[in-house]
Structures are given as C-alpha cells and as structure tokens.
2 protein chains.
Amino acid sequence: MRCFAGIDVGGTNSKIGLLDENGNILITESIKTESNKGPQDTIERIWKTVEKLAKEISVNIEDIEGVGVGIPGPVVDESIVKIAANFSWGNDFPAKKMFEEITKKRVKIGNDVKVIALGEQLYGAGKGYKNSITIPIGTGIAAGIIIDGRILAGTTGAGGEFGHIVINKKGHKCGCGLTGCLETYCSATGIVREAKIILKDNKESTLLEVVDNDLDKLEAYHIFEEAKKKDKIAMKIVDDFCDNLAHGIGTLLNIVNPEIIIFAGGVSKAGSIITDGVKKHLDKYALKMTTEDLKFAFSELGNDAGIKGAAALIINDLK
Amino acid sequence: MRCFAGIDVGGTNSKIGLLDENGNILITESIKTESNKGPQDTIERIWKTVEKLAKEISVNIEDIEGVGVGIPGPVVDESIVKIAANFSWGNDFPAKKMFEEITKKRVKIGNDVKVIALGEQLYGAGKGYKNSITIPIGTGIAAGIIIDGRILAGTTGAGGEFGHIVINKKGHKCGCGLTGCLETYCSATGIVREAKIILKDNKESTLLEVVDNDLDKLEAYHIFEEAKKKDKIAMKIVDDFCDNLAHGIGTLLNIVNPEIIIFAGGVSKAGSIITDGVKKHLDKYALKMTTEDLKFAFSELGNDAGIKGAAALIINDLK
C-alpha cells in the first residue's frame, strides 16, 4: 500500500500521521516538540514515532513514499524555514535537508498555515475546487492561498501575509511595525481592543455583565455571543469587524479571484454571523465579477488539517 | 524550425507575429482589427495574415506548433473571454474554439495585460525570475501576476485587478462602481484629477504655465516633467501619487511576495521618479521580508510584449 507521512510541527506539540494516497489518516499520534533539545533531537523523535506507528499498522518503512512537514514561519522553496518563529533553531533553518538525512525519504516542507489551506482544499471544505483561500482567524489573521492546486508560498515565504495589508493608514500600530494592518482589527486581539474602546463610552451593553464589569476578562467569543443575542453594542462591534474583514477579503478577491473562501481558527467558530456580516459589506470592496459565484465555507478538517495538508505536499506532487 | 504564432488583438489594431521557440520575432505585421465585422471575419483575416507571413519567410504552415492570443477582457481557462470589453462579440465569447476551428492549431487565449506580463517575465525585464508582477499604468492600472512562471488568471479572469483594491474608503467614486479604488489615484486620469484639485488653491506652479492656464490641457506627463524640474506643487502631487502607489504595491507584496515589480504603460515613461517615490513610501505598507531583495524595473519589450507574451502561452507549455 502507498503510504505517506504527514507531520505538523507545533510550538508545543507535534502531530504525526500516516496517510494513504487519498489523504485518509491510517494512524496518528501527538508528541511533545521540545524544540529546546535542538532540531536533530526533535526530528529523530518524530521519525522514531513514524517508525513505531508504521509497525503498529504493519506498514513497511520502505512503503512510505515521502514525508510532508508543516512548520510555523516563512518557508522558501519547500525546504528552508527563513525564520523559525516558535523555535530557537536559527534563521534559514534547512528543514528539508535535515528531515531527508534522518528519514532517508523524499521530503517537502510547508508553512503551517499554507499546509492547512492545502489540506482543506484537497480533503476538506475546498474539495473539488482549484482556487481557494483559507483564512485562519485567531490571535492573528493570515491567508493560505491555493492557486490551481498549488500553494502560493511567495519568494521569501511571505505569500498570503494578508493580515498585514494596510486598511487604515491612520489606524493602530501593529506588532509587525506597520500601521493600520488588517490584523489590528480582524483578529481575536483586534476585536477585543476595538470593543474596549467602544465600551468606554457605552455602558449599556450585556458585554459588561458577562465579564462582571472587568474588561480584562473580555474575549472575542463573548462579543460574538452577545451580538447573536442582539446586544446593540456587541452587534455594532461585530459589524465593524465584518466591515474591515470584508475590506481585506475584497482586496484579496480583486487580486487572487478564488472560487471559495474558507474560514478557520478560533474566531471562525462564531459561524454564520461572520459570513453574513462579510457578505453585507463585501460589495463595497470587491469587483462584482469576483463575488458572483464565490462560495464561503468553514474549515472541515479541524485538528487533522495540519497532517493531511502536510502529507498532501507529497501526494499532490505524485499526481 | 519550430515556429509559433503570437497575436495581440487590440481594439483598433491587431499585431501578428511569428516567433521561434526562444521568443524571437521572425516576422510581424499589424492589421486593422475591425471587430465590427464580427469575430469570424476578424479571426479569418488574422489567420490569412499569418499564412502570408509564413510564406514570406518560407515557413510551412504545418511547422507552426500553436497560436497564442492576447485579447482585452477577463479570460477564463485560457479559452473564454467573459466580457469582450472593446468588441461587440458578446459575453462568454468562445475565443479558443473559434481560433481552433479557423487555424486548425493548438490555441491558448490570455488577457492582454497578463500576456504582456508573461512576455516581460520570459523575454524582457523579468528574464530569469520565477515570480514577477508587471504593472501597466496608463488610463487605468492593473497587475499581471506571474507565479512560478504561470499567469495568475483568477477564477473568472479577474486575477490581478489591483486597480480596484480600495485604498481610501472615503475617496472618489471609481468607474467600476466601488469607492476609493487605487486606480482613482494611480492612473493618468487619477493624477490629473488630483492635480486639478491641488492647483485650484495653489497658483504658484509652473504647471499652470505649461498649459497656458488651461487646466483642460493638463496631462500626466506635464506633472512628472515639472516635478523633475523641482516645481514644488508638481513634486507634492507626484509624492502623493507615489505614496498611494506604494500602498497598492505594498498590499500586493504582502499577498503575492514576488521577486520583481515591472512598470509598464504610458505613465511609467516618467521613469525613476516613480520608483524612487514608491521606494520612499513602501516601508509603510509592506512587510520588510517582502521588500529586502525586491527588484524594480521598467518594461523592456514595449510594443512587442503583446505578441511575445501571446506566443509564450504556447511555448511555455511545451517546456
């Protein structure tokens, strides 16, 4: 049986899976990444886990056709991690080379967000489409852009850094150094900050009740929940959020013109209140020909998106 | 000898060329498009011209391996022109099918801007790069995006419609129906409009002299010329233009992350005053990792870009 390893290297845990050629997970296990022990140690532990898993389902190591790896940070040429963001493995970290030396397999490396986008397109909410954009919204916001079935990685791995497009020149300073980035509005931290600004002058909101008048306790999901219950202030905050998100998505549409937008990440769990809000404002920012047949969806693979997408880096290539 | 036909169908004239497999033009000729005679007539006249040109350089029609066609309007699947913008050939015009029926050759259709971008990347200013964006600035502004050597066409042909990203929600109404599009600032018409607004309250400018105080005579090149001669008002207008253009380009960089930006079109003839101005403002809008190794250049192929890029649609595919 043709078999593929999909590895989702995270800051804390790394998820490891063996998959068949249709992206079905045969077996999976999570280990601590413990990146402080160094890349050699981490990759060897990952590979030992693969060998153990293969044994458990009676797969010969020789039958593993390749290893796909998703990792945080910008990835160049499916091999080098420019900035190993969550690890102290240095810049221009040669991930592909090290994985190849240890595994003796064909290896491809992808940025974690982009790999998830590939997984969703091939095996999840984007199945059947050629051009999709997966937008994870959590602490930050980014875009995994898939064009004709291939990841748009960018020359230095910065393709899809759409959280940092400037939508308001006079806006907030962003952690990246720019001012007025989409991410300062359309992320969990962004919406909470906007909410705090509005709540200072508007005390008539159930939002204050749910956090016992302690705004330090306010989280993004409170805002979406109270908006769904028709609290006027929460509704206004969510409407602004959706307006700004529509601005960002409209920009993406006019440049990339995909078939489907897939929302992922913690904030997307708010559900249709986001898609409804974005649709309401989108016509201000996107050319009609980019929206007429556009679909919206939510991530379907959840925690499996990482290993499925990682394995897809290899599977996709053999087709 | 392997030979390819490159055809650049324009609103008034159509340029027709025969090229070798390295994109060198062997022979070329321009004919009136006269699209009012209908597509059958136009395509037949184009093909007769190809046959005539082939005869002139002793190429057998059998040796023409394919026909690449650049045409205005959004093109889908390298075959259908969604909106035949400059012609009355109807929407969803089956260009590939009609060209194939008449020429009996392998045919690929591309949008004219995107085809020019492909030509520049393969044979002009973008030679040697894999990821480039060619930005023609004239009456309007657009982007021909090439990723890994392939045109980003977009699902409905709207890929690279970057003239219509909204950079100022409270800006001017654009011809496309949106408000505050980049094109309302960064185009020949856009800069002239901004100039007229500023010149109403600022009479101390050589710009008024060069148009004999008749602002109806003002054109984009006047503004760039007077700015080069250090007229303060013209310099301010050009600086605003470059600031807005940097906003648009920074957005593109954060999403597509190319290796090189190539300026084309009439306005780009102003030269380094544009690249210098964009570079001055770019750090406000683009992540550093997208600009560090970024190159800027100007179109090198001029009027030949259309037929070279059109032929490249076929040549590129055979490699």
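Sequence order as written defines the numbering, with residues in each chain counted from 1. All chains are assigned letters beginning at A, and all ligands numbers beginning at 1, according to the order in which they are written. Two thresholds apply to this predicted model, a pLDDT of at least 70 for residue-level local features and 80 or more for giving and counting side-chain atom pairs, whereas whole-chain, interface and lining totals are computed over all residues. Heavy atoms throughout the structure, all of them, feed into the side-chain values; hydrogens and water do not.

> Outline the sheet that holds strand β11 (residues 150–151) of chain B, listing residues and values.
Each strand in a sheet pairs with another by means of backbone hydrogen bonds, the pair being arranged parallel or else antiparallel. All names here are of chain B. Read from one edge of the open sheet, five strands run β11-β10-β9-β12-β13, paired in mixed fashion. In this open sheet, the two strands that pair with only one neighbour each are β11 and β13 (295–298). DSSP bridges decide pairing: two strands pair if at least two such bridges lie between them. By definition, any uninterrupted DSSP run of H or I lasting at least four residues is a helix, any uninterrupted run of E lasting at least two residues is a strand, and each is numbered from the N terminus. By the bridge criterion, three bridges tie strand β9 (residues 132–136) to strand β10 (residues 144–147) in an arrangement that is antiparallel. Bridged to I133 within β10 is I145.

> Go over the sheet that holds strand β7 (residues 91–93) of chain B, please, and point to the residues and values.
Residues and elements named next belong to chain B. Sheet architecture is open: three strands sit in the order β5-β6-β7, paired in antiparallel fashion. This sheet does not close on itself; its edge strands, each paired only once, are β5 (75–76) and β7. Sheet topology places β5 next to strand β6 (residues 80–83); two bridges connect them, and they run antiparallel. Each bridged residue has a counterpart across the sheet, and for V75 the counterpart in β6 is V81.

> Describe in detail the confidence of the model for chain A, supporting the description with residues and values.
Across the chain, each position has a pLDDT score giving the predictor's confidence in that residue, from 0 to 100. Across chain A, the average pLDDT comes to 95, with 100% of residues at or above 70. Scoring the predicted complex yields pTM 0.95 and, for the interface, ipTM 0.94.

> For the interface of chain A and chain B, give the residues involved together with the corresponding values.
We call two residues contacting when some pair of their heavy atoms lies within 4.5 Å. Chain A puts 41 residues into the contact, and the matching count from chain B is 41 residues. Summed over both partners, the interface of chain A with chain B buries about 3,200 Å², with 60% contributed by carbon and sulfur atoms. Values labelled buried area give the accessible surface lost by two parts on being combined, using a 1.4 Å probe and summing over both. Summed over the three residues of chain A that lose the most area to chain B, namely K169, I255 and M289 of chain A, the buried surface amounts to 21% of that side. Only one rule defines a salt bridge in this text: a Lys or Arg side-chain nitrogen within 4 Å of an Asp or Glu carboxyl oxygen. Counting every contact that joins chain A to chain B gives two salt bridges. In this structure, the salt-bridge partner of D77 of chain B is K130 of chain A, at a minimum N-O distance of 3.9 Å. N or O atoms closer than or at 3.5 Å make up a polar contact, with two conditions inside protein: a donor-capable atom paired with an acceptor-capable one, and, for residues adjacent in sequence, both atoms drawn from side chains. Remark: the boundary between chain A and chain B carries 24 residue pairs in polar contact (both at pLDDT 80 or more). For the side of chain A that touches chain B, the secondary structure elements donating two or more residues are β10 (144–147), α7 (232–256) and α9 (288–291) of chain A. In terms of residues, the side of chain A that touches chain B owes the most to one element, α7 of chain A, which gives eight residues.

> Give a detailed account of the domain arrangement of chain A, specifying residues and quantitative values.
Much of the literature gives interface size as the accessible area that the parts lose upon coming together. All names here are of chain A. Taken domain by domain, chain A comprises domain 1 (3–121 + 303–317) and domain 2 (128–299). For each domain, the first and last residues come from an automatic or database assignment. Summarising the inter-unit geometry, the C-alpha centres of domain 1 and domain 2 are found 29 Å apart. In this assembly, 14 residues from domain 1 lie in contact with 22 residues from domain 2. Each partner contributes to the roughly 1,400 Å² buried at the junction of domain 1 and domain 2, and carbon and sulfur atoms together form 56% of this total. For the pair domain 1 and domain 2, the number of links is one salt bridge. Of the charged contacts, one joins R150 and D317 as a salt bridge, the two residues approaching to 3.5 Å between their closest N and O atoms. The interface formed by domain 1 and domain 2 contains eight residue pairs in polar contact (both at pLDDT 80 or more). Of all the elements in the fold, those that place two or more residues in the side of domain 1 that touches domain 2 are β5 (75–76), α3 (112–123) and α10 (305–318). Here the side of domain 1 that touches domain 2 takes seven residues from α3, the largest share from any one element. Considering only residue class, the side of domain 1 that touches domain 2 consists of eight nonpolar, two polar and four charged. Residue type decides the class: Asp, Glu, Lys and Arg count as charged, Ala, Val, Leu, Ile, Met, Phe, Trp, Tyr, Cys and Pro as nonpolar, and the leftover types, Gly among them, as polar.

> Any chance you could break down the relation of the copies chain A and chain B for me, citing the residues and the numbers?
Each of the two chain copies can be generated from the other by rotation about an axis followed by a shift along it. Between chain A and chain B, which share one sequence, the superposing operator has a rotation angle of 180 degrees and an axial displacement of 0.0 Å; the RMSD is 0.0 Å. The two molecules are tied by a two-fold rotation axis, judged by turn and shift. Of the C-alpha atoms belonging to chain A, the one lying closest to the rotation axis is found on I167 of chain A, 3.4 Å away. A high fraction, 100%, of the interface residues of chain A reappear at the interface in chain B, so the copies pair face to face through one surface. Least squares is the method for superposing the copies, and the C-alpha atoms it fits come from residues with pLDDT of at least 70 in both.

> Provide a residue-level description of the side chain of N244 of chain B, including the pertinent values.
Residue position: N244 of chain B is located in helix α7 (residues 232–256). Each residue's exposure class comes from its accessible area (1.4 Å probe, protein chains only) as a fraction of the maximum for that residue type: buried when under 20%, exposed when over 50%, partly exposed otherwise. Taking relative accessible area as the criterion, N244 of chain B reaches 12% and is therefore assigned buried. A distance of 3.5 Å separates polar atoms of two side chains, one belonging to N244 of chain B and the other to K169 of chain A. When neighbours within four sequence positions are excluded, N244 of chain B is seen to be in contact with K169 of chain A together with I167, L182, Y185 and C186 of chain B.

> Just give me the short version of α7 of chain A, but keep the residues and values in it.
Residues and elements named next belong to chain A. What a helix should span is 1.5 Å times the count of its residues minus one. Compared with an ideal rise of 1.5 Å per residue, which puts 25 residues at 36 Å, α7 spans 35 Å between its outermost C-alpha atoms and is within 8% of the ideal. Burial analysis of α7 places 20 of its 25 residues in the buried class, which makes it a mostly covered element. Directly beyond the C-terminal end of α7, a positive phi value near 55 degrees is found at N257.

> So what about the side chain of N316 of chain A? Which residues, and what values?
All names here are of chain A. Here N316 is to be found in helix α10. For N316, a relative accessible area of 17% gives the class buried. What N316 contacts, discounting residues up to four positions off in sequence, is L118, L122, G149 and R150.

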